[in-house]
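# Fold and contact review
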Amino acid sequence: MTTAATLSVAGLDFAYPDAGAVLRDVAFEVGPGERIGLVGPNGAGKSSLLLLIAGALRPGRGRLALDGAELVPGRFRPQVALVFQEAEDQLFCPTVAEDVAFGARNLGLGGDALKDRVEAALQTVGLAHLADRPVHHLSGGEKRLTCIAGALVMQPRLLLYDEPSAGLDLRNRRRLIELLRSCEQTMLVASHDLELLLEVCPRVLLLDRGRVVADGPSAAVLADGELMAAHGQEVPGSLAGGAAGARVRHRAAG
Ligand SMILES: Nc1ncnc2c1ncn2[C@@H]1O[C@H](COP(=O)(O)OP(=O)(O)OP(=O)(O)O)[C@@H](O)[C@H]1O
Ligand SMILES: [Mg+2]
């Protein structure tokens, strides 16, 4: 049975070698089983933050810890799985089943145990019928679902989702929402799909220019029109009394 992890992020600074500061003094705690949304404009630093937590990038300063144990950059961390924003960055095996199996194989699984896990993960995302399909013959949404299965198969204690609903049709988006809501693992979900975050994540962090500018209950942060507008966001329709209401307000303001 998978247990949920506690994540601590303290004083995190990060810059790419050929770019300015991307994250500045980012600090937050995530309790076991908490689901947190990451919101913010393009370039705010959401994906970079997830890559740092996954260990794919090395922080310039600061500390990342899982259940109190420091996460060392570059060291394999099977308890953390990242679903990349760009599926192409994650998929590289010839077939769907082989790609999904990759992470679990790295954990030392083989034989029937591996086969069962892969089948279960594909079943969960509704892709069992595509197990033998070459990855490069998948549609965009199917690629995204393959990436999600590849993370689930590891049964991690911390799941990092980067724009998981991008490219999904409404039925698959709904399946994703139910899946995320049913998972007991600790979870960070970066998304511009604010309605999805409202359904999945009780708490959100709003990032802008590498800083956490708000951290609180999703329904309160996302409903704060002034705060959202100051950071290039809009209050989601379900909190603003409908899209038409939001449009009228914008016109009146302009
Ligand atoms: N490999 C890289 N090298 C240099 N700069 C990068 C690299 N990747 C991202 N950046 C820059 O870092 C900043 C943060 O990017 P990041 O991808 O973390 O943003 P984001 O919040 O995920 O944006 P989006 O909503 O568009 O996905 C951006 O200004 C981006 O141009
Ligand atoms: Mg991103």
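Up top is the structure.
Residues numbered from 1 in each chain as written. Chains lettered and ligands numbered in written order. Predicted model: local features only at pLDDT ≥ 70, side-chain atom pairs only at ≥ 80, totals over all residues. Heavy atoms only, no water.

### Side note on the site of ligand 1
Around ligand 1 there are 14 residues in total, and Gly43, Lys46, Ser47, Ser48 and His192 lie nearest to it. One nitrogen or oxygen atom from the main chain of alanine 44 is found 3.2 Å from an oxygen atom belonging to ligand 1. At a separation of 2.8 Å, an oxygen atom of ligand 1 approaches a polar side-chain atom of lysine 46. When the free accessible area of ligand 1 is taken as 640 Å², the share hidden by the protein chains comes to 63%. Residues of the shell around ligand 1, tallied by class, amount to five nonpolar, seven polar and two charged. (Near = heavy atom within 4 Å. Polar contact = N/O pair within 3.5 Å; in protein donor to acceptor, adjacent residues only side chain to side chain. Areas by Shrake-Rupley, 256 points an atom, 1.4 Å probe, with all protein chains shown as cover. Nonpolar A, V, L, I, M, F, W, Y, C, P; charged D, E, K, R; others polar.)

### A word on helix α3 (residues 96–106)
One full turn of an α-helix is made of 3.6 residues, so residues set three or four places apart face in the same direction. Along α3, the residues classified as buried are Val96, Asp99, Val100, Ala101, Gly103 and Ala104. In this structure, the buried side of α3 is in contact with α2 (87–90), α4 (111–125) and α5 (140–152). Positive backbone phi, approximately 100°, marks glycine 108, located one or two places after α3. (Buried < 20%, exposed > 50% of the residue type's maximum accessible area, 1.4 Å probe, protein only. Helix = DSSP H or I, 4+ residues; strand = E, 2+ residues; numbered from the N terminus. Contact = heavy atoms within 4.5 Å.)

### Quick word on the nonpolar core
Ranked by internal contacts, the top residues of the largest apolar core, which has 52 residues, are Val100, Leu122, Ile148, Tyr161 and Leu196. It is α5 that provides the largest number of residues to this core, a total of six residues. Look past the residues within four positions of isoleucine 148 in its chain and what remains in contact with it is Val83, Val125, Tyr161, Pro164, Leu176 and Leu179. Membership of the second largest hydrophobic core comes to 29 residues, among which are Leu7, Ile36, Ala44 and Leu66. (Core = buried A, V, L, I, M, F, W, Y, C linked by side-chain atoms within 4.5 Å.)

### With respect to the coordination of the magnesium ion (ligand 2)
The textbook angles at a metal center are 109.5 degrees for a tetrahedron of four donors and 90 or 180 degrees for an octahedron of six. The magnesium ion (ligand 2) binds to the protein through Ser47 (OG) and Gln85 (OE1); the donor distances cover 2.0 to 2.1 Å. Here glutamine 85 lies in the loop between β6 (80–83) and α2 and serine 47 lies in helix α1 (residues 46–54), a separation of 38 residues in the sequence. (Donors = N, O, S within 2.8 Å, 3.2 Å for Na, K, Ca; no water.)

### Examining the pattern of salt bridges
For the structure shown, the criterion picks out 11 salt bridges. Close ionic contact of glutamate 34 with arginine 203 constitutes a salt bridge, the shortest N to O distance being 3.1 Å. A residue pair is termed long-range when its members are at least 10 positions apart, and glutamate 34 in the loop between β2 (21–30) and β3 (35–39) and arginine 203 in strand β9 (residues 203–208) qualify at 169 residues. The residue arginine 174 makes a salt bridge to glutamate 199 at a minimum N-O spacing of 2.8 Å. Here arginine 174, found in helix α6 (residues 170–182), pairs with glutamate 199, found in helix α7 (residues 194–200); they are 25 residues apart in sequence, far enough to count as distant. One salt-bridge network, in which partners are shared between bridges, spans Asp13, Asp25 and Arg61. (Salt bridge = Lys/Arg side-chain N within 4 Å of Asp/Glu carboxyl O.)

### Notes on the layout of surface pockets
Roughly 520 Å³ of internal volume is contained in the largest pocket. If you go around the largest pocket, you meet 23 residues; those closest to its centre are Leu82, Phe84, Phe102, Gly103 and Met154. Only β6, α2, α3 and α5 provide two or more residues apiece to the lining of the largest pocket. No other element matches the five residues that α3 contributes to the lining of the largest pocket. A per-class count over the lining of the largest pocket returns 14 nonpolar, five polar and four charged. In this structure, the second largest pocket encloses a volume near 200 Å³. In terms of lining residues, the second largest pocket is bounded by 11 residues, among which Ala121, Thr124, Leu152, Val153 and Gln155 are the most central. In terms of residue count, α4 provides more of the lining of the second largest pocket than any other element does, four residues in total. Class assignment for the residues of the lining of the second largest pocket results in six nonpolar, four polar and one charged. (1 Å grid on protein atoms, 1.4 Å probe; cavity = no way out; pocket = protein on both sides within 12 Å on 5 of 7 lines; lining within 4 Å. Points joined across faces, edges and corners; volume = space filled by probe spheres on them.)

All we've got here are geometric facts, nothing functional implied.
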